Amino acid sequence: DGVAQGRGIKCSVCTKALKKIKALAGDNPDEAAVAAAMQKGCRALGRAMGRQCQRLVKKYQDQITSGLENEDMPRDICTTIGMCRS
């Protein structure tokens, strides 16, 4: 089923991107740390995935920022924004 496959790819891009961003943001990140980590994290994923990552963080910046500030797991944040199925 193409939709599930597409969602699986989105989910893995989202999870990978957020793991990277979370690692770069460090413990107890503030908004500035998360914003900087989003830029660096997307670049670190390479060109194709990096572009998807940029779109993702631009569209869901507030949810990602608050998720990381609350120390939510990357997978949970991706589920919240609809990239992964719970």
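Just above sits the structure.
Scope of this entry: the structure provided in the associated data block. Note that this is a predicted model, so its numbers are computed, not measured. (Residues numbered from 1 in each chain as written. Predicted model: local features only at pLDDT ≥ 70, side-chain atom pairs only at ≥ 80, totals over all residues. Heavy atoms only, no water.)

Attention now goes to helix α3 (residues 47-59). Under the 1.5 Å per step criterion, the end-to-end length of α3 is 18 Å for 13 residues, consistent within 8% with the ideal 18 Å. What α3 keeps buried is the set G50, C53, L56 and V57. For α3, the angular spread of buried residues about the axis comes to 120°, placing them on one side. The exposed residues of α3 that point more than 90 degrees off its buried face are R47, A48, R55, K58 and K59. (Helix = DSSP H or I, 4+ residues; strand = E, 2+ residues; numbered from the N terminus. Expected span 1.5 Å × (residues − 1). Buried < 20%, exposed > 50% of the residue type's maximum accessible area, 1.4 Å probe, protein only. Arc of directions from axis to C-beta.)

Quick look at the state of the cysteines now. Counted according to the given criterion, the structure contains 3 disulfides. With its sulfur 2.0 Å from that of its partner, C11 forms a disulfide with C84. Disulfide C11-C84: torsion about the S-S bond near 100°, hence right-handed. Of this pair, C11 sits in helix α1 (residues 2-25) while C84 is found in the segment after α5 (74-80), placing the two residues 73 residues apart along the sequence. Looking at C84, the relative accessible area reads 5%, which means it is buried. Disulfide pairing places C14 opposite C78 at an S-S distance of 2.0 Å. One quick way to see it: the torsion about the S-S bond of C14 and C78 is about -95°, and its sign makes the bridge left-handed. Within this pair, whereas C14 is found in helix α1, its partner C78 is found in helix α5, the two being separated by 64 residues in sequence. Residue classification places C14 among the buried residues on the basis of a relative accessible area of 0%. Residue classification places C78 among the buried residues on the basis of a relative accessible area of 0%. (Disulfide = S-S within 2.5 Å.)

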